[in-house]
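Fold and geometry: a report
Listed below are the residues making up each chain.
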Amino acid sequence: MKIAQVAPLFESVPPKLYGGTERVVSYLTEELVRLGHDVTLYASGDSRTSAHLVPCVEGALRLSGCTDAVPHHLGMLEDVFRRSLDFDLVHFHVDCLHLPLVSRLGLPHVTTLHGRLDLPALAPLYKNYPETPLVSISDAQRQPLPWCNWVGTVHHGLPRDLLPLGDGGGGYLAFVGRVSPEKRPDRAIEIAKRANLPLKLAAKVDAQDRHYFETHIEPLLDHPLIEFVGEIDEAAKAAFLGNALGLLFPIDWPEPFGLVMIEALACGTPVVAFNCGSVPEIIAHGKNGFIVSSVQEAVEVVSALGQVPRRACRAWFETHFSAERMARDYLDLYESLAATRPVRGHKSAVKGLSAL
């Protein structure tokens, strides 16, 4: 198939540092190419891919200090729609910016929603596009908008050779993610202190979370068990997760997926996660980690992390969360949508956003 992947421009594909959506787009794109498909990737110019790259900005917007990403994304969509009939299907990963366009053009397309859907403004928006085919990244993600045209749930996947099995020899607990109220690094710190185990936090601090970090988290870092590592790149992640006794995932929000959970499992590292959002779809209690509902429960199960075989965690990843499985799930959807949603009209009728 000729497939266009349309990525956000905030990070490169794959990201140099933090960036879950762009990382998943990279894994999917590379696996589709490996399986023999003709893939065009719309992304930032500093992206690395074996697909045909259409560079829509010179470099990732977050790292360039861009303050208004909308014009750049609209420019990208203009090019996508000008070339839309060159593809068998277009796969969007840019939230909702393209919705007014695809509903009118009728080209074969699908949109994966990567974020939370419980925000008040989203329900009235998506009610305007009841026929737009959407993919969720977990069944739990759909709950706020059950009436949307969900054509499938596709859990994320990682390349099998990306992260090696680790031995947990570092003897510490790990936290990876954003420093934000919903990710609850404060819970991770409390769990580690009460369990008397070292904790390393590999986390980024966005501008909007700087006040939260300075007022709620920074005062907790002055403790011999706690080490704030900061944001790490992909190369450092294998050792960081592989050497950890366990990953703490103490979230306090409806997490749509939680990529770091399967990154930890790929390293053989069991996960202690709070029972929110997608967690029960990824963690099998007692088999690859533990699902808890309180800090006290987390403290209690941390002592049992050594009883979870690291090879069992790795096997769970390989069975359920490989990039090949993810790509084949998407291909099934692509083929179904391409067969049932033929492009309407002649190529000359598609002239980009200005024609609407």
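Let me begin by describing the structure that accompanies this report. (Residues numbered from 1 in each chain as written. Predicted model: local features only at pLDDT ≥ 70, side-chain atom pairs only at ≥ 80, totals over all residues. Heavy atoms only, no water.)

1. Considerations on the side chain of Arg178
- Within the secondary structure, Arg178 sits in strand 8 (residues 172-178).
- In this structure the side chain of Arg178 is engaged in a polar contact, spanning 3.1 Å, whose partner is the side chain of Glu182. (Helix = DSSP H or I, 4+ residues; strand = E, 2+ residues; numbered from the N terminus. Polar contact = N/O pair within 3.5 Å; in protein donor to acceptor, adjacent residues only side chain to side chain.)

2. Points about the sheet that holds strand 5 (residues 109-112)
- With parallel pairing, 7 strands are arranged side by side in an open sheet as 3-2-1-4-5-6-7. The open sheet is flanked by strand 3 (52-55) and strand 7 (150-153), the only strands paired with a single partner. Between one strand axis and the next, the sheet turns by 20° as a mean value, whatever way the strands run.
- In the sheet, strand 2 (residues 38-43) pairs with strand 3 via 4 bridges, with the strands oriented parallel. (Pairing = 2+ DSSP bridges. Axes fitted to C-alpha atoms, helices over the stretch in contact; angles between N-to-C directions.)

3. Observations regarding the sheet that holds strand 9 (residues 199-204)
- One open sheet accounts for 6 strands, arranged 10-9-8-11-12-13; its pairing is parallel. At either margin of the open sheet sits one strand with a lone partner, and together these are strand 10 (226-228) and strand 13 (289-292). Taking the axes of each pair of neighbouring strands and ignoring which way they run, one obtains an average angle of 20° across the sheet.
- In terms of strand pairing, strand 11 (residues 244-249) meets strand 12 (residues 271-274) through 3 bridges, oriented parallel. Within strand 12, the residue paired with Leu247 across the bridge is Val271.

4. Quick notes on the packing of aromatic side chains
- If you walk through the whole model with that rule in mind, you get 5 aromatic pairs.
- A centroid spacing of 6.2 Å and a plane angle of 75° characterise the contact between Phe257 and Phe321, whose relative ring orientation is edge-to-face. Linking Phe257 in the loop between strand 11 and helix 9 (259-266) with Phe321 in the loop between helix 12 (310-320) and helix 13 (323-340), this pair joins segments that are 64 residues apart in sequence.
- In this structure Phe257 comes out as buried when scored by relative accessible area, which is 2%.
- According to the relative accessible area criterion, Phe321 is buried, its value standing at 1%.
- Centroid distance Tyr330 to Tyr334: 6.1 Å. Interplanar angle 25°. Geometry classified as stacked. Here Tyr334 and Tyr330 lie together in helix 13, a separation of 4 residues that amounts to about one turn.
- For Lys200, the ring lying beneath its charged end belongs to Tyr172, and the centroid distance is 4.4 Å. (Phe/Tyr/Trp six-rings, centres within 6.5 Å; stacked < 30°, edge-to-face > 60°. Buried < 20%, exposed > 50% of the residue type's maximum accessible area, 1.4 Å probe, protein only. Lys NZ or Arg CZ within 6 Å of the ring centre and 35° of its normal.)

This is a description of form; function is not addressed.
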